[in-house]
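Each chain, written out:
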Amino acid sequence: MKFSLATLVFGLVAISSATPQNQNRPVPNGQCCVANTSLKQDTCFVNGQRGRCVPGGNNCGSRLSCVAQSNLQCNNVIERGRNLCRARAPGGGLFDGARIIQNLGQATVN
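Residues numbered from 1 in each chain as written. Predicted model: local features only at pLDDT ≥ 70, side-chain atom pairs only at ≥ 80, totals over all residues. Heavy atoms only, no water.

J.: Would you take a moment to explain the state of the cysteines for this structure?
T.: Evaluation of the coordinates by the stated rule reveals four disulfides. Here cysteine 33 is linked by a disulfide to cysteine 53, with a sulfur-sulfur distance of 2.1 Å. Its S-S torsion of about -105° marks the bond between cysteine 33 and cysteine 53 as left-handed, since a negative value means left-handed. Residue cysteine 33 is found in the loop between helix H1 (5-17) and strand S1 (43-46), and its partner cysteine 53 is found in strand S2 (residues 49-54); the two are separated by 20 residues along the sequence. Cysteine 53 carries the same exposure label as cysteine 33, and that label is buried. Each sulfur of the disulfide joining cysteine 44 and cysteine 66 lies 2.1 Å from the other. (Disulfide = S-S within 2.5 Å. Helix = DSSP H or I, 4+ residues; strand = E, 2+ residues; numbered from the N terminus. Buried < 20%, exposed > 50% of the residue type's maximum accessible area, 1.4 Å probe, protein only.)

So this is what it looks like as structure tokens:
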């Protein structure tokens, strides 16, 4: 049997795209993530843009906020298997739940 390089590449793409996002938890679409289900750094979509579920940023009560990538600040610290990100606060700083922090080193990571 002969396989072309293109066949191999398409097969790998199909396998990688079949990997579930958020470890089979729902992928939220909107300002707020799913209560009692979404975890920090889960993938979400807001206004057609890819984002992350993070503490603070939108008026979501006790739920995590879905914040577009363009409004996040991230670093190389790993939180829940992905880079640590927090929403940018108006006037400077970052949301970390109800707190405003000045840098990601001050973030509560779990």
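J.: Which parts of the structure should I look at to understand the pattern of salt bridges?
T.: Opposite charge on two side chains permits pairing when their charged atoms draw close. Under the defined criterion, the tally for this structure stands at five salt bridges. Residue aspartate 96 pairs with arginine 86 through a salt bridge whose shortest N-O separation is 2.8 Å. Taken as a pair, aspartate 96 in strand S6 (residues 94-96) and arginine 86 in strand S5 (residues 82-87) lie far apart in primary sequence, ten residues in all. Exposure class is identical for aspartate 96 and arginine 86. Each is buried. (Salt bridge = Lys/Arg side-chain N within 4 Å of Asp/Glu carboxyl O.)

Purely spatial values, then, with no claim about function.
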